[in-house]
Amino acid sequence: MEKQRKSPSKSSEDSSHDNNGDRPARGVKRQGQEPPPNPSKVARRSPATPGLGQQPRPPALAMAYPNGGLRITRTPGRRTAKNCVSLGDLIDKYHLVSACIFAFYIADEELFPHLPTPGGTKEAVPVRPLFLHPSWYLQLALYSLVTQIYIGRDANNDPLLQAAAARARLPLAEGKLTKKTLDVLRHHLEALHQAAHPERRDLRPFYAWAPGSAHSKLLLLVYPTFLRVVITSCNLMDIDTVFGDNHWYIHDVPR
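Computed from a prediction, not measured in an experiment: that's the story for all the values here. (Residues numbered from 1 in each chain as written. Predicted model: local features only at pLDDT ≥ 70, side-chain atom pairs only at ≥ 80, totals over all residues. Heavy atoms only, no water.)

Participant: I keep staring at the pattern of salt bridges and nothing clicks. Help me out?
Facilitator: Should the charged atoms of two oppositely charged side chains come close, the side chains can pair. The full count for this structure, using the stated rule, is seven salt bridges. Asp 89 is the partner of Arg 74 in a salt bridge, and the nearest nitrogen-oxygen pair spans 3.5 Å. Pair noted here: Arg 74 is in the loop between β1 (69–73) and β2 (84–85) and Asp 89 is in helix α1 (residues 87–90), with a separation of 15 residues, a long-range link. A relative accessible area of 42% places Asp 89 in the partly exposed class. Salt bridges here are not isolated pairs; linked through shared partners, they connect Asp 108, Arg 153 and Asp 158. (Salt bridge = Lys/Arg side-chain N within 4 Å of Asp/Glu carboxyl O. Helix = DSSP H or I, 4+ residues; strand = E, 2+ residues; numbered from the N terminus. Buried < 20%, exposed > 50% of the residue type's maximum accessible area, 1.4 Å probe, protein only.)

Participant: Even after reading the chapter, I still don't get the pairing of strand β6 (residues 218–222), so can you show me in this structure?
Facilitator: Consecutive side chains of a regular strand alternate in pointing toward one face of the sheet and then the other. Residues Leu 219 and Leu 221 line the buried face of β6, whereas the alternating positions Leu 218, Leu 220 and Val 222 sit on a face that is not buried. Pairing analysis gives five bridges linking strand β3 (residues 98–103) to β6, with the strands arranged antiparallel. Within β6, the residue paired with Ile 101 across the bridge is Leu 219. When β6 meets strand β7 (residues 226–232), the two strands line up antiparallel, connected through five bridges. Directly across from Leu 218, in β7, lies its bridge partner Ile 231. (Pairing = 2+ DSSP bridges.)

Participant: Honestly, the pairing of β1 in this entry has me stumped. Any pointers?
Facilitator: Taken together, the four bridges between β1 and strand β8 (residues 247–254) define a ladder with antiparallel strand orientation. What sits directly across from Leu 70, in β8, is Tyr 249. The pairing of β1 with β2 spans two bridges and is parallel. If you follow Thr 73 over to β2, its bridge partner there is Val 85.

Participant: What exactly am I supposed to notice about unusual backbone geometry here?
Facilitator: Outside of glycine, negative phi angles account for most residues, and trans bonds account for most peptide bonds. Phi at Arg 169 is positive, roughly 60°, even though this residue is not glycine. Here Arg 169 is to be found in the loop between α4 (161–168) and α5 (179–196).

Participant: I keep staring at α4 and nothing clicks. Help me out?
Facilitator: Given 3.6 residues per turn, any residue in an α-helix points the same way as the ones three and four places further on. The complete set of buried residues in α4 reads Leu 161, Ala 164 and Ala 165. Seen along its axis, α4 keeps its buried residues to an arc of 100°; they face one direction. Arg 169 sits one or two positions beyond α4 and adopts a positive phi of about 60°. (Arc of directions from axis to C-beta.)

Participant: What should I look at first to understand the environment of Val 242 in this one?
Facilitator: Along the chain, Val 242 turns up in the loop between α6 (238–241) and β8. The spatial distance from the C-alpha of Val 242 to the C-alpha of Arg 74 is 6.7 Å, given a sequence separation of 168 residues. If we skip the residues at most four places from it in the chain, Val 242 touches Thr 73, Arg 74, Thr 75 and Pro 76. (Contact = heavy atoms within 4.5 Å.)

Participant: I would appreciate a short explanation of the packing of α4 against α5 in the present structure.
Facilitator: Geometry of a packed helix pair, given as the angle between the helix axes and the separation of the axes. Closest axis-to-axis distance for the α4/α5 pair is 9 Å, and the angle between their directions is 120°. By the angle class used here, α4 and α5 are oblique. Where α4 crosses over α5, the handedness of that crossing is right-handed. Residues Leu 161, Ala 163, Ala 164, Ala 165, Arg 167 and Ala 168 of α4 form the contact with α5, whose own contacting residues are Leu 185, His 188, Leu 189, Ala 191 and Leu 192. Class assignment of the residues belonging to the contact of α4 with α5 gives a composition of nine nonpolar, one polar and one charged. (Axes fitted to C-alpha atoms, helices over the stretch in contact; angles between N-to-C directions. Parallel < 35°, antiparallel > 145°, perpendicular 65-115°, else oblique. Left-handed = near helix turned anticlockwise from the far one by under 90°. Nonpolar A, V, L, I, M, F, W, Y, C, P; charged D, E, K, R; others polar.)

Participant: Looking at this model, I keep getting lost on the nonpolar core. Mind explaining?
Facilitator: Generally speaking, nonpolar side chains in soluble globular proteins are found buried as a group. In this structure, Leu 90, Leu 111, Leu 115, Ile 151, Leu 221 and Trp 248 are the most contacted members of the largest nonpolar core, which totals 25 residues. Looking at this core, the elements with two or more residues in it are α1, β3, β4 (148–153), β6, β7 and β8. For this core, the element with the most residues is β3, which contributes three residues. Excluding residues within four positions of it along the chain, Leu 221 makes contact with Leu 90, Ile 91, Leu 96, Ser 98, Ala 99, Phe 226, Leu 227, Arg 228 and Val 230. (Core = buried A, V, L, I, M, F, W, Y, C linked by side-chain atoms within 4.5 Å.)

Participant: What's the story with the sheet that holds β3 in this structure? I'm lost.
Facilitator: The pairing of strands in a sheet happens through backbone hydrogen bonds and is either parallel or antiparallel. Taken in spatial order, the eight strands of this open sheet run β2-β1-β8-β7-β6-β3-β4-β5, and their pairing is mixed. Whereas interior strands pair on both sides, the edge strands pair on one side only; in this sheet they are β2 and β5 (203–207). Bridge count between β7 and β8: seven bridges; the pairing is antiparallel. Bridged to Val 230 within β8 is Ile 250. Contacts between α5 and the sheet are confined to β4 and β5, with β5 contributing the most and set at about 155° to the helix.

These figures capture arrangement, not role.
What follows is the structure, given as C-alpha cells:
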C-alpha cells in the first residue's frame, strides 16, 4: 500500500502571501510598513477653527501698552523705527469688541478701512462670538452680532450737515450752526449716515454737546480683555495719520 505523501508545509514567508503571489494576506503587513489604523481608535480631529468659513483663528490679543507709551506717527520715512505707530497698529480688526472714536475732523473713507466691518474692505471680518454654542444656528446668530462703532466729530465738519439741514428744511449758513439747530438735526444726521453707509450696520454717529466745543482726538478701543485708550494730536485722515508728524499716547487698561 502506497504511503500517502505529505504536502510540504509553507514557510512563514510563504504563508504571508495569498494565491496572488506578491500581495500580502489580509491583516499581514509588509516589512517596514505600519498596519492601517483602526478607524474606531483614531481620534476625531476638531476643525481648524470653530468659526464660520473654517479660517485659522488668530492668537488672543495681549496688552502692548500696560504702562502707557508715547509714540510718533509711522510716516513712510519711519517704516522700521521702533518708537512709531500707525492707526493699523492700534486697531485690531478681529478682536475689536466696540469702539468710540472722536476727532475734530474725520475722513470716513480713510478711517473705515481700519474698522472690522466691510465698510472699507473687500472681505468681511467675522465678529468674535461671546461664547461657543453647540447648535450651529445659534452660533450663526452670534456671528451676526455687529460690533458697535461710535464715531463723533464736530458737527460743522460733518459732510452730511448741509443735506441734513435741507431735509429738515432749516436754512443753514456755513459756520453758523447753533446748539439749538444741532439738536434738531441730530436724528437727521444719524439717518443720513445710515443711508450713506448701508453696509455699516455698526455705525453710531454722535456729536459734542454744541458745535465748536470740542477739538479733542480720542479713541476708546474695547478688546475682550482690556481697554485701549489712545489720545492723539492728529485728525483721522491720512494726511495726519500717515504723512504728518503727530504724537500718540496709548494706554492699555485691563478689564
